[in-house]
Amino acid sequence: MADNKKVYQLTEEGKKDLELQLDYLKNTARKQNIIAIQDAMSQGDLSENADYSAAREEQSRIAAEIARIEDILQHSKVISTKGAASDVVSLGNKVKLLINGIEREYSIVSTIETDPRNGKISNESPVGHALIGKTV
């Protein structure tokens, strides 16, 4: 049976960010959560223990996020911007846009890396999609 899994496109920076997030979740967040569960269990009756319920919900959230990031990393392709034409907008490029008289710089990234507040717009967003393939 063929694997029809989506291949995620990432910039090198995006891949490194995901690897750092995964490391944090596995080595810090998960350990803190285990301590929170143990503390809540020491309070006694678990059936009406809000701290225990919250810690267990956090445990599930952490596990789901770890699985999501591992899946992305396992099925990702790093897009190299080296050797690409610098005058044509593509994934991984930085562009300067003039918006209401103010020049702003944005990086074109995959949907996984999108962070508009920090100047990262998705190649699949309306603006990103319109910019792909354009020249100065």
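For the structure, see preceding data.
Residues numbered from 1 in each chain as written. Predicted model: local features only at pLDDT ≥ 70, side-chain atom pairs only at ≥ 80, totals over all residues. Heavy atoms only, no water.

### Side note on the side chain of Glu113
Phase 1 of the analysis: Mapped onto the elements of the fold, Glu113 is located in the loop between strand E4 (102-109) and strand E5 (120-122).
Phase 2 of the analysis: No salt bridge is formed by the buried Glu113; the nearest opposite charge belongs to Lys120, separated by 5.6 Å.
Phase 3 of the analysis: Only 2.4 Å separates the side chain of Glu113 from the side chain of Thr11, close enough to count as a polar contact.
Phase 4 of the analysis: Once residues lying within four places of it in the same chain are set aside, the contact partners of Glu113 are Gln9, Leu10, Thr11, Glu13, Gly14 and Lys120. (Helix = DSSP H or I, 4+ residues; strand = E, 2+ residues; numbered from the N terminus. Buried < 20%, exposed > 50% of the residue type's maximum accessible area, 1.4 Å probe, protein only. Lys, Arg positive; Asp, Glu negative; His and termini not counted. Salt bridge = Lys/Arg side-chain N within 4 Å of Asp/Glu carboxyl O. Polar contact = N/O pair within 3.5 Å; in protein donor to acceptor, adjacent residues only side chain to side chain. Contact = heavy atoms within 4.5 Å.)

### Quick word on the side chain of Ser122
Phase 1 of the analysis: Tracing the chain through its elements places Ser122 in strand E5.
Phase 2 of the analysis: Classification of Ser122 as buried rests on a relative accessible area of 5%.
Phase 3 of the analysis: For Ser122, the side chain forms a polar contact with the main-chain nitrogen of Glu124, separated by 2.9 Å.
Phase 4 of the analysis: In this structure, Ser122 is in contact with Val109, Ser110, Thr111, Thr114, Gly128 and His129, ignoring residues within four places of it in sequence.

### What to know about unusual backbone geometry
Phase 1 of the analysis: Look at Asn100: it is not a glycine, yet its phi comes out positive at around 50°.
Phase 2 of the analysis: Tracing the backbone through its elements, the reader meets Asn100 in the loop between strand E3 (94-99) and E4.

### Thoughts on the sheet that holds E4
Phase 1 of the analysis: The sheet built from 3 strands is open, its strands ordered E3-E4-E5 with mixed pairing. Since the sheet does not close on itself, it has two edges, and those belong to E3 and E5, each with one partner. In this sheet, neighbouring strand axes are inclined to one another by 45° on average, regardless of whether the strands run parallel or antiparallel.
Phase 2 of the analysis: As paired strands, E4 and E5 are joined by 3 bridges and run parallel to one another. From the neighbouring strand, Ile108 faces E5, where its bridge partner is Ile121. (Pairing = 2+ DSSP bridges. Axes fitted to C-alpha atoms, helices over the stretch in contact; angles between N-to-C directions.)

### Re the pattern of salt bridges
Phase 1 of the analysis: Following the criterion strictly, the structure yields 5 salt bridges and no others.
Phase 2 of the analysis: With a shortest N-O distance of 2.7 Å, Glu70 and Lys26 are connected by a salt bridge. Taken together, the residues span a long stretch of sequence, with Glu70 in helix H2 (residues 50-74) and Lys26 in helix H1 (residues 12-41) at a distance of 44 residues.
Phase 3 of the analysis: Here the residues in one salt-bridge network are Glu13, Asp17 and Lys120, joined through shared partners.

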